[in-house]
Structure formats: C-alpha cells, structure tokens
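Each chain is listed here by its residues.
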Amino acid sequence: MIINQWVPAAHRGDAIGDSARVVRDMLRRRGYQSDLFALTIDDDLRQDVRPFADPAARLGDVTIFHFALPSPMTQAFASAPGVRVLQYHNITPAAFFAPYDPQLFRLAALGRDELGSLVGHVHLALGDSDFNRQELEALGFTPTGVLPIAVDTARITDAPRRPALDKILGDGLINVLFVGRIAPNKRIEDHIRLAELYKRNVDSYYRFIFVGRYDGVPRYYAQIRALISEFQMLPDRFWFTGPVPTEDLGAFYRWADVYVSLSEHEGFCVPLVEAMAADVPVLAYAAGAVPETLGGAGVLFAPKDLEFAAETLGLLVYDRALRERVLEGQRRRLQDFTPAALDARLGDVLGRITA
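So, here is what we can say about the structure in this document. All values reported here derive from a predicted model rather than from experimental measurement.

## Focus on the packing of aromatic side chains
Turning to step 1, where the next piece is worked out: Inspection of every chain in the model, using the stated rule, returns 20 aromatic pairs.
Turning to step 2, where the next piece is worked out: Judged by centre distance (5.9 Å) and plane angle (90°), the rings of Phe-65 and Phe-67 are edge-to-face.
Turning to step 3, where the next piece is worked out: Summarising the aromatic geometry, the rings of Phe-178 and Phe-210 are spaced 6.2 Å apart at their centres and angled 50° between planes, so their arrangement reads as tilted. With Phe-178 in strand 8 (residues 174-179) and Phe-210 in strand 9 (residues 206-211), the pair connects residues that are 32 residues apart, well separated along the chain.

## Regarding the sheet that holds strand 6 (residues 124-127)
Turning to step 1, where the next piece is worked out: Here we have seven strands laid out as an open sheet, ordered 3-2-1-4-5-6-7, and parallel in their pairing. In the strand order of this sheet, the two ends are held by strand 3 (50-51) and strand 7 (144-146), each with one partner.
Turning to step 2, where the next piece is worked out: With five bridges connecting them, strand 1 (residues 3-10) and strand 2 (residues 36-41) associate as parallel partners. Considered in strand 2, the bridge of Val-7 is made with Ala-38.

## Concerning the sheet that holds strand 9
Turning to step 1, where the next piece is worked out: Overall, parallel pairing links the six strands, which are arranged 10-9-8-11-12-13 in an open sheet. At either margin of the open sheet sits one strand with a lone partner, and together these are strand 10 (238-242) and strand 13 (299-301). The average undirected angle you get between the axes of adjacent strands in this sheet is 20°.
Turning to step 2, where the next piece is worked out: In terms of strand pairing, strand 9 meets strand 10 through four bridges, oriented parallel. Within the sheet, the bridge partner assigned to Ile-209 lies in strand 10 and is Trp-239.
Turning to step 3, where the next piece is worked out: Helix 12 (residues 306-318) rests against strand 8, strand 9, strand 11 (258-261), strand 12 (282-285) and strand 13 of the sheet, and its axis sits at about 165° to strand 12.

## A few points about the packing of helix 7 (residues 188-201) against helix 8 (residues 218-230)
Turning to step 1, where the next piece is worked out: Two elements in contact, helix 7 and helix 8, have axes separated by 9 Å at closest approach and are oriented at 10°. Taken as axis vectors, helix 7 and helix 8 run roughly parallel relative to one another. Where helix 7 abuts helix 8, its residues Ile-188, Glu-189, Ile-192 and Arg-193 lie against Tyr-220, Gln-223, Ile-224, Leu-227 and Ile-228.

## Remarks on the side chain of Gln-330
Turning to step 1, where the next piece is worked out: The residue Gln-330 is located in helix 13 (residues 320-334) in this model.
Turning to step 2, where the next piece is worked out: Residue Gln-330 is classed as buried on the basis of its relative accessible area of 0%.
Turning to step 3, where the next piece is worked out: Beyond its immediate chain neighbours, meaning those up to four positions away, Gln-330 contacts Met-276, Val-280, Pro-281, Val-282, Ala-297 and Gly-298.

## Focus on the layout of surface pockets
Turning to step 1, where the next piece is worked out: Of the volumes computed, that of the second largest pocket is approximately 460 Å³.
Turning to step 2, where the next piece is worked out: Lining the second largest pocket are 25 residues; nearest its centre among them are Ile-149, Asp-336, Phe-337, Thr-338 and Leu-342.
Turning to step 3, where the next piece is worked out: Broken down by secondary-structure element, the contributors of at least two residues to the lining of the second largest pocket are helix 1 (15-29), helix 11 (290-294), helix 13 and helix 14 (339-354).
Turning to step 4, where the next piece is worked out: Of the residues contributing to the lining of the second largest pocket, the split by class is 14 nonpolar, four polar and seven charged.

## As for the nonpolar core
Turning to step 1, where the next piece is worked out: Grouped together as the largest cluster of nonpolar side chains are 92 residues, with contacts concentrated most on Leu-86, Phe-238 and Tyr-259.
Turning to step 2, where the next piece is worked out: Other than its neighbours up to four places away in sequence, Leu-86 contacts Phe-65, Phe-67, Phe-77, Leu-115, Leu-118, Val-122, Leu-124, Ala-125, Leu-126, Leu-136 and Phe-141.
Turning to step 3, where the next piece is worked out: Counting residues in hydrophobic clusters, the runner-up holds 16 residues, among them Ile-3, Leu-126, Leu-147 and Ile-353.

## Some details on the packing of helix 10 (residues 270-277) against helix 13
Turning to step 1, where the next piece is worked out: Where helix 10 contacts helix 13, the axes come no closer than 9 Å and their chain directions differ by 115°. Crossing geometry of helix 10 relative to helix 13 is assigned as left-handed. Residues Val-273, Met-276 and Ala-277 of helix 10 touch helix 13, and the partners they reach there are Gln-330, Arg-333 and Leu-334.
Turning to step 2, where the next piece is worked out: Tallied by class, residues from the contact of helix 10 with helix 13 come to four nonpolar, one polar and one charged.

## Quick word on the pattern of salt bridges
Turning to step 1, where the next piece is worked out: Counted by the stated rule, this structure contains 30 salt bridges.
Turning to step 2, where the next piece is worked out: Notably, a salt bridge pairs Arg-155 with Glu-274, separated by 3.0 Å at the nearest N-O pair. Taken together, the residues span a long stretch of sequence, with Arg-155 in helix 5 (residues 154-157) and Glu-274 in helix 10 at a distance of 119 residues. Glu-274 shares its class with Arg-155; the two are buried.
Turning to step 3, where the next piece is worked out: A single network of salt bridges, built from pairs that share partners, joins Arg-187, Glu-189, Asp-190, Arg-193, Glu-264 and Lys-304.

## Focus on the pairing of strand 11
One face of the sheet, then the other: side chains in a regular strand alternate in exactly this way.
Turning to step 1, where the next piece is worked out: Side chains Val-258 and Val-260 of strand 11 all project onto a buried face; the interleaved residues Tyr-259 and Ser-261 project onto the opposite face, where all are buried too.
Turning to step 2, where the next piece is worked out: The pairing of strand 8 with strand 11 spans two bridges and is parallel. In the sheet register, Val-176 faces strand 11, and the bridge partner there is Val-258.
Turning to step 3, where the next piece is worked out: Taken together, the three bridges between strand 11 and strand 12 define a ladder with parallel strand orientation. Paired with Tyr-259 across the bridge in strand 12 is Val-282.

## Section: the side chain of Glu-114
Turning to step 1, where the next piece is worked out: Summarising the element assignment, Glu-114 is placed in helix 3 (residues 102-116).
Turning to step 2, where the next piece is worked out: Of the buried charged residues, Glu-114 lacks a salt bridge, with Arg-106 as the closest side chain of opposite charge at 9.3 Å.
Turning to step 3, where the next piece is worked out: Contact partners of Glu-114, with chain neighbours within four places excluded, come to Phe-67, Leu-69, Pro-70, Ser-71 and Thr-74.

Criteria and cut-off values
- Residues numbered from 1 in each chain as written.
- Predicted model: local features only at pLDDT ≥ 70, side-chain atom pairs only at ≥ 80, totals over all residues.
- Heavy atoms only, no water.
- Phe/Tyr/Trp six-rings, centres within 6.5 Å; stacked < 30°, edge-to-face > 60°.
- Helix = DSSP H or I, 4+ residues; strand = E, 2+ residues; numbered from the N terminus.
- Pairing = 2+ DSSP bridges.
- Axes fitted to C-alpha atoms, helices over the stretch in contact; angles between N-to-C directions.
- Contact = heavy atoms within 4.5 Å.
- Parallel < 35°, antiparallel > 145°, perpendicular 65-115°, else oblique.
- Buried < 20%, exposed > 50% of the residue type's maximum accessible area, 1.4 Å probe, protein only.
- 1 Å grid on protein atoms, 1.4 Å probe; cavity = no way out; pocket = protein on both sides within 12 Å on 5 of 7 lines; lining within 4 Å.
- Points joined across faces, edges and corners; volume = space filled by probe spheres on them.
- Nonpolar A, V, L, I, M, F, W, Y, C, P; charged D, E, K, R; others polar.
- Core = buried A, V, L, I, M, F, W, Y, C linked by side-chain atoms within 4.5 Å.
- Left-handed = near helix turned anticlockwise from the far one by under 90°.
- Salt bridge = Lys/Arg side-chain N within 4 Å of Asp/Glu carboxyl O.
- Lys, Arg positive; Asp, Glu negative; His and termini not counted.

Shown next as structure tokens:
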C-alpha cells in the first residue's frame, strides 16, 4: 500500500513539515511505501522531499494532506484518487489580524473558507489536537480523530553548546523564554505587562527573550516596542532574536528559567513540548489547545490575571520545591510525546483507514 503525504511547504525547523517527515519514516518502518510531496522545498531538503509536480504525488492509495493555510493543493486534494485523509493544524482566526494587517486578515479568512470546502470530500479528518478536531467537527467533517504532531525534542536536548551565547545568557539575570512568531494571537503585549509587574513586585533582575520571526506583522511589533518605551523599561532586557539556528535555540531553552505562554489561540503549541523536554517549567494561560498539550503538567492559569502570573513566575524561579514538583509533572507528561507513543497513535489511525 502507498501512503503519501502532501504539505504546502517543506522548511527545516517548521513543525508541520518536520512532523510529516517523521510520520513518513514511521510508515516506511511499518512496511508501507511512503513519500512526502511539497509545493515549496528548502534546498537542503530536496533529496528528502519530492516536488508536488511529480506525477507520483497522485498515485497514493492513501493521501494525507496537512492543512494550515490556503494553497493550490486543496482543490487537488478534494479530487485525489484513493482514500483522502485531512490533517488539520489550525488556522489563526482572522479577527486577530484585523487591526494590523488586511492581507493577513484576508489570508486567514480565505484559509478558513478553503478548509470548509473540503467537507464531504475526505474519508477521515484528523486534528493534531482534540481542540482542532472539535473545530473540524463543527464545520461538518465526519468521521474525525486526533493524531498529534511529532515533536523532535532531540534537536533541543542534543543541541551542541554555544560558548559565546552561553556566557551571555549565564550572566545572572532570570531568563523568561517565549518561542514562536510575534503575532497578535500570541499576546506579546501581555508579556511586556507581565515583565512590568514582575519588576515592580518580584525582581528587577530579569530578561524576556522572544525567539521567532518579528517581521510578519510590522504594526503589531511596533506596538510592542512602543509599550516597552511607555513603561520606560530597559530595552536590553527584551530580546527579539528573529529566527535562530537549532544550536542557538537549544541554548535559549537550556538557559531559560521559565517558559511563558500568554497566547489566546493555539492549535497545539509545539514549544510547550520542547520546554518540557528541556526541563524548563512552563507557566501558561489556559487558552485553545494549551491545557490539552500540557495535559495537567506545568502551571496553568485563567482568567488572565497578570499580577497572579507575575507572582507565580517568581515562585517558579525561586521556590525550589515547587519548581521541582512542576518539573516532575512535566517529565511524566513528556512520555506521551515519545516516538513510541506517536507510533501507537499512528497505528490506530491506520487501523481506521484500512478498515
């Protein structure tokens, strides 16, 4: 049996493409013929991922289409031969972009409409979280299921040392980490407000680090910078690194004292799993799929009381007994994301497909 996967873009370090390559390798170990096809492919992946223009892309007995943005793949998938399996990785609601970027607003709205166009054209619709599965079900997809993202935690835990960066990050300041694009749904402005409350009520020896693209929504990023100035905070206490190599990302996790997520919409949130793998305690606002991904681990809070969050952040930094209890819970939860656990979930999905 041939089980192929389609992904609009194959970029190294991108959670969706990386996960699809892991699933492809698991399928091959199970004895299936399997390839991954993409519209755009990084140069260093061209020997590993095949172009979508290759006629072999349409020859699968089963085609798994990873959907996270509108693309020409959607229409092709609706009429692809064989069994069609949709894997939905979530689209940020367009309303988050409305005040900042009309083009991104349009793209998100178009993506949601394009997703809806697949209702009635797939044999199985999977979310990478139950949060996403429920969204599929609400749109009318049936049957539905869940197949989590395969998170390559080894790229974090096995990353080589970066002596120069290690020296800077180990200067005695408390490192509060966020990983992800600087986008309105991530509520980075709440991180800045949290920093102000932390400085005022807990400790002035802090550094907030934001690893990820900050040029995607320029007006939003400008608003964040303006807020830092408004609070008259030290600019060097806020690092916006942009995308970084894996080696640097490993160093940022290694030196993080706490990982903080204040996002108001997440379909899965891979950095939560990476933080748990790096043994960094997680403090997160309970929104979207965040509670599901943490699965009882970390420290969740709701409603969004930033004074409470600042106090809790201080406890996670300085209360060693609490910190260790949180880390123990995260280590247990991490077992649900091992390759063996994912392979078992993949086996359940294959059973449904072949049945």
